[in-house]
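# Close look at the chain arrangement
So you can see what is in the structure, the chains are spelled out below.
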Amino acid sequence: MNQEVGATEGAYDEAEATRRSAGEAESSRASRSWWDRNADEYQSEHGAFLGDDRFVWGPEGLDEAEAELLGPTALLKGLDVLEIGAGAAQCSRWLAAQGARPVALDLSHRQLQHALRIGGRVPLVEADAGALPFASASFDLACSAYGAVPFVADPVNVMREVHRVLRPGGRWVFSVTHPIRWAFPDEPGPQGLSVAASYFDRTPYVEQDEQGRAVYVEHHRTLGDRVRDVVAGGFRLEDLVEPEWPEWNSQEWGGWSPLRGNLIPGTAVFVCVRD
């Protein structure tokens with residue numbers, strides 16, 4: 001599972017946070033370099049929560065073993081699954097343990113090095129989600145837990161690429177920061193409970209260096225935008241899951257916390273079908 005809006009863990013000390021336009025090439029370049037720089041710290045800080053072979057959809061801790069958003073766990077055996085924005089491939093390892101045949105794809109070379117460090121026999125592919133290096137109809141399922149989709153300037157292109165590589169009847173399930181969070185400060189405490197910006201402002205969040213070059217980019221889409229992106233990509237939206245904060249989860253993760261999680265949604269999971 002990848003990072004959240006406004007995340008500055010390990011970012012350049014001189015990085016300036018702003019809202020401005022950022023195109024596809026700039027966004028991709030920034031994401032690759034940001035994750036290569038910050039993968040070590042990210043895995044060190046969040047690795048215990050993510051586990052080595054656990055499939056969680058977001059900071060709330062919604063577990064695929066219980067949610068079965070990809071379908072019944074017992075039926076995963078023998079299926080070809082593509083994980084996009086896989087990070088250290090924790091979700092792919094869980095899928096492999098269920099008998100599936102996952103492929104873990106990520107833009108960041110350093111994230112995939114962490115996948116190698118943890119081990120396992122999951123194939124790893126370094127590539128951009130907007131140009132998947134696979135033949136059409138190669139997979140039965142595709143998934144992404146906070147990977148790729150929030151960071152691309154053209155999400156419809158990603159949807160179309162996923163649609164292309166899926167076989168008819170295949171599911172595409174992805175999670176992102178819940179769009180309503182963009183109206184609130186990215187703070188876990190009470191200060192994160194007051195609306196501070198327009199929900200309808202789609203201007204990307206950008207952290208840039210002293211030369212104005214983006215070092216981190218995240219793109220905002222409203223809930224309606226996300227639904228339209230899914231449909232424009234050729235999918236049917238089967239479900240939209242907004243995980244509630246569980247009593248057992250006492251962690252704070254960036255702007256996610258029990259305080260905020262019990263009041264406003266933090267994650268949106270889109271369950272899509274390629275008819």
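Everything discussed here concerns the structure shown above.
Only a predicted model underlies this, so the values are computations on that prediction, with no experimental measurement involved.

Turning next to the pairing of strand β8 (residues 214-218). The element β8 is largely enclosed, with a buried count of 5 among its 5 residues. One ladder, built from 4 bridges, connects strand β7 (residues 205-208) with β8; its direction is antiparallel. The partner of Val206 across the bridge, within β8, is Val217. Counting the residues in the hairpin turn of β7 and β8 gives 5 residues, including Gly212, whose phi is positive at 80°.

Before going further, it helps to examine helix α4 (residues 109-118). Turning to α4, its buried residues are Gln111, Leu112, His114 and Ala115. Within α4, the buried residues cover an arc of 150° as seen down the axis, which keeps them to one side. Seen from the open side of α4, the exposed residues pointing more than 90 degrees away from its buried face are Leu116 and Arg117. By the N-cap criterion, in which a side-chain oxygen at the helix start approaches the backbone nitrogen of a residue two or three places on, α4 is capped by Ser108, the distance to Arg110 being 3.3 Å.

Sheet architecture is open: 3 strands sit in the order β1-β7-β8, paired in antiparallel fashion. Across the chains shown, the open sheet's two edge strands, defined by having one partner strand only, are β1 (16-19) and β8. For this sheet, the mean inter-axis angle between neighbouring strands, taken without regard to orientation, is 20°. Pairing geometry for β1 and β7, over 4 bridges, is antiparallel. Counterpart to Ala17 in the pairing with β7 is Glu207.

Turning our eyes to something else, we now look at the packing of aromatic side chains. Evaluation of the coordinates by the stated rule reveals 15 aromatic pairs. Ring centres 6.0 Å apart and planes at 85° place the aromatic pair Phe55 and Trp94 in the edge-to-face group. Highlighted residues: Phe55 in the loop between α1 (24-50) and α2 (64-67) and Trp94 in helix α3 (residues 90-97), separated in sequence by 39 residues. Each member of the aromatic cluster is reached from another via a ring pair, and the members are Trp34, Trp35, Tyr42, Phe49, Phe151, Tyr205, Tyr216 and Trp253. The ring of Phe49 carries the charged tip of Arg54 above its face, separated from the ring centre by 5.1 Å.

Moving on to the pattern of salt bridges. Taken as a whole and judged by the stated rule, the model has 16 salt bridges. With a shortest N-O distance of 3.3 Å, Arg32 and Glu126 are connected by a salt bridge. Residue Arg32 is found in helix α1, and its partner Glu126 is found in strand β4 (residues 124-126); the two are separated by 94 residues along the sequence. Under the relative-accessibility criterion, Arg32 is labelled partly exposed at 31%. Judged by relative accessible area, Glu126 falls into the partly exposed class, the value being 40%. Glu238 is the partner of Arg236 in a salt bridge, and the nearest nitrogen-oxygen pair spans 3.9 Å. On the basis of relative accessible area, Arg236 is assigned to the partly exposed category, the value being 37%. Within this structure, Asp80, Arg101, Asp140 and Arg167 form a network of salt bridges that share partners.

Relative to the elements of secondary structure, Ala268 occurs in strand β10 (residues 267-273). Since its relative accessible area comes to 0%, Ala268 is described here as buried. Considered as a pair, Ala268 and Leu240 are 28 residues apart in the sequence and their alpha carbons are 6.8 Å apart. Those residues in contact with Ala268 that lie beyond four places of it in its chain are Phe174, Ser175, Val176, Thr177, His178, Pro179, Leu240 and Val241.

This part takes up the nonpolar core. Among the nonpolar cores identified, the biggest contains 26 residues, and Leu82, Ile84, Val162, Trp172 and Phe174 are the most heavily contacted of them. Contributing elements (two or more residues each) for this core: β2 (80-84), β3 (101-106), β5 (139-145), α5 (155-165), β6 (166-177) and β10. Contact partners of Leu82, with chain neighbours within four places excluded, come to Val103, Leu105, Leu132, Phe134, Phe139, Leu141, Ala142, Cys143 and Val165. In terms of nonpolar packing, the next biggest core, distinct from the first, is built from 17 residues, Trp57, Leu69, Leu141 and Ala145 among them.

A few words on α5. The element α5 is extensively covered by neighbouring structure, given that 8 of its 11 residues are classed as buried. Within α5 the residues assigned to the buried category are Pro155, Val156, Val158, Met159, Glu161, Val162, His163 and Val165. At its buried positions, α5 is contacted by β2, β5, β6 and α6 (223-232).

Relative to the assigned elements, Gly212 resides in the loop between β7 and β8. Judged by relative accessible area, Gly212 falls into the partly exposed class, the value being 30%. Sequence spacing of Gly212 and Ala15 is 197 residues, and the spatial spacing of their C-alpha atoms is 9.1 Å. Those residues in contact with Gly212 that sit more than four places away from it in its chain are Arg20 and Glu26.

Reading the values: rules and limits
Residues numbered from 1 in each chain as written. Predicted model: local features only at pLDDT ≥ 70, side-chain atom pairs only at ≥ 80, totals over all residues. Heavy atoms only, no water. Buried < 20%, exposed > 50% of the residue type's maximum accessible area, 1.4 Å probe, protein only. Helix = DSSP H or I, 4+ residues; strand = E, 2+ residues; numbered from the N terminus. Pairing = 2+ DSSP bridges. Arc of directions from axis to C-beta. Polar contact = N/O pair within 3.5 Å; in protein donor to acceptor, adjacent residues only side chain to side chain. Axes fitted to C-alpha atoms, helices over the stretch in contact; angles between N-to-C directions. Phe/Tyr/Trp six-rings, centres within 6.5 Å; stacked < 30°, edge-to-face > 60°. Lys NZ or Arg CZ within 6 Å of the ring centre and 35° of its normal. Salt bridge = Lys/Arg side-chain N within 4 Å of Asp/Glu carboxyl O. Contact = heavy atoms within 4.5 Å. Core = buried A, V, L, I, M, F, W, Y, C linked by side-chain atoms within 4.5 Å.

Nothing here speaks to function; it is all geometry.
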